[in-house]
Amino acid sequence: MVFEQRRPGAVLFDRDGTLIRDVPYNGDPALVRPMPGALEALSRLRRADLPVAVVTNQSGVAKGLITADEMEQVNRRVEELLGPFDAWAICVHDDGDGCTCRKPAPGLVIRAAAVLDVSPRECVVVGDIGRDMDAARAAGARGILVPTEETLRSEIERAPEVAHDLGDVADRLLRETEAAPAALTAGGSAWSRTLGWSRW
Ligand SMILES: [Mg+2]
Ligand SMILES: [Zn+2]
């Protein structure tokens, strides 16, 4: 799929291993550590008026390893460290639950796009594993993989686009934004904010 280089409607980030270090099933806000360059990259995107959101699988809730409240405390800590996000779309289910939101399903991308009043096709999904890229593809969004040591070689090889780090992602998107004509989408200024997780 070829994406025109034009201003994205929104940039949707995976949380664990992308915005913050991956601590599996973490329910402790004290353990939240941003990934290198995360705050600066987000600040640059915000200054360019690009909406930023989080699309995250949190199956620890379905598994009973963390409570929804612990998950929300961790998310609040993420915002303390990295600033506010325009939307959060969270899947609290597990693989066997048959939900439509757990990545690689497209539901989180579709939900975040809806909250931000943009088309999924105008969204960029940034993540560290193949599930993120597959969710992007399934929703018609552009995917950019930022590999870590945990990322499989096959996931890198299959990725539609690979960036070195979040600074590299911001560089690309802002370069394209500058090169593109004014926003094609009338998104409005009052981005609604939501904790969009659900149990269905
Ligand atoms: Mg991840
Ligand atoms: Zn789900």
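Residues numbered from 1 in each chain as written. Chains lettered and ligands numbered in written order. Predicted model: local features only at pLDDT ≥ 70, side-chain atom pairs only at ≥ 80, totals over all residues. Heavy atoms only, no water.

With distances of 1.9 to 2.3 Å, the protein atoms coordinating the zinc ion (ligand 2) are Cys91 (SG), His93 (ND1), Cys99 (SG) and Cys101 (SG). Classification of the site at the zinc ion (ligand 2) as tetrahedral follows from its four donor atoms and the range of 100 to 117° in their angles at the metal. Written as a sequence motif, the donor arrangement for the zinc ion (ligand 2) is C-x1-H-x5-C-x1-C. (Donors = N, O, S within 2.8 Å, 3.2 Å for Na, K, Ca; no water. Tetrahedral: all angles 85-135°; square planar, octahedral: opposite > 155°, others 65-115°.)

A few words now on the coordination of the magnesium ion (ligand 1). Ideal donor angles around a metal are set by the shape: a four-donor tetrahedron calls for 109.5 degrees, a six-donor octahedron for 90 or 180 degrees. All of the protein donors around the magnesium ion (ligand 1) are Asp14 (OD), Asp16 (O) and Asp128 (OD); their distances to the metal are 2.2 Å. Mapped onto the polypeptide sequence, the residues donating to the magnesium ion (ligand 1) form the spacing pattern D-x1-D-x111-D. By relative accessible area, which is 15% here, Asp16 ends up buried. (Buried < 20%, exposed > 50% of the residue type's maximum accessible area, 1.4 Å probe, protein only.)

Per the stated rule, a full pass over the model turns up one aromatic pair. Centre to centre, the rings of Phe85 and Trp88 are 5.7 Å apart; their planes meet at 75°, and the pair counts as edge-to-face. Since its relative accessible area comes to 2%, Phe85 is described here as buried. Taking the relative accessible area as the measure of exposure, Trp88 reaches 1% and is therefore buried. Looking at Arg46, its charged tip hangs above the ring of Phe85, at a distance of 5.2 Å from the centre. (Phe/Tyr/Trp six-rings, centres within 6.5 Å; stacked < 30°, edge-to-face > 60°. Lys NZ or Arg CZ within 6 Å of the ring centre and 35° of its normal.)

For the rest of this paragraph, the subject is the nonpolar core. Among the nonpolar cores identified, the biggest contains 32 residues, and Phe13, Leu19, Leu45 and Phe85 are the most heavily contacted of them. When residues of this core are traced back to their parent elements, those giving at least two are strand S1 (10-13), helix H1 (38-47), strand S2 (52-57), helix H3 (68-82), strand S3 (87-91), strand S4 (123-127) and helix H7 (166-179). Apart from residues lying up to four places away in sequence, Leu45 is in contact with Val11, Phe13, Leu50, Val52, Ala170, Leu173 and Leu174. In this structure, Val55, Cys99, Val125 and Ala135 belong to the second largest nonpolar core, which totals 21 residues. (Core = buried A, V, L, I, M, F, W, Y, C linked by side-chain atoms within 4.5 Å. Helix = DSSP H or I, 4+ residues; strand = E, 2+ residues; numbered from the N terminus. Contact = heavy atoms within 4.5 Å.)

Helix-helix packing is characterised by the crossing angle of the two axes and by the distance between the axes. Their axes nearest at 8 Å, the elements H1 and H7 cross at an angle of 15°. Relative to H7, H1 is oriented roughly parallel. Like other packed secondary-structure pairs, H1 and H7 cross with a definite hand, here left-handed. Residue-level inspection shows Ala38, Ala41, Arg44 and Leu45 of H1 in contact with H7, the latter providing Leu166, Gly167, Ala170, Asp171, Leu173 and Leu174. Residue composition of the contact of H1 with H7, grouped by class: seven nonpolar, one polar and two charged. (Axes fitted to C-alpha atoms, helices over the stretch in contact; angles between N-to-C directions. Parallel < 35°, antiparallel > 145°, perpendicular 65-115°, else oblique. Left-handed = near helix turned anticlockwise from the far one by under 90°. Nonpolar A, V, L, I, M, F, W, Y, C, P; charged D, E, K, R; others polar.)

Structurally, the position occupied by Thr56 is in strand S2. In this structure, Thr56 is in contact with Arg15, Asp16, Ala89, Ile90, Cys91, Lys103 and Leu108, ignoring residues within four places of it in sequence.

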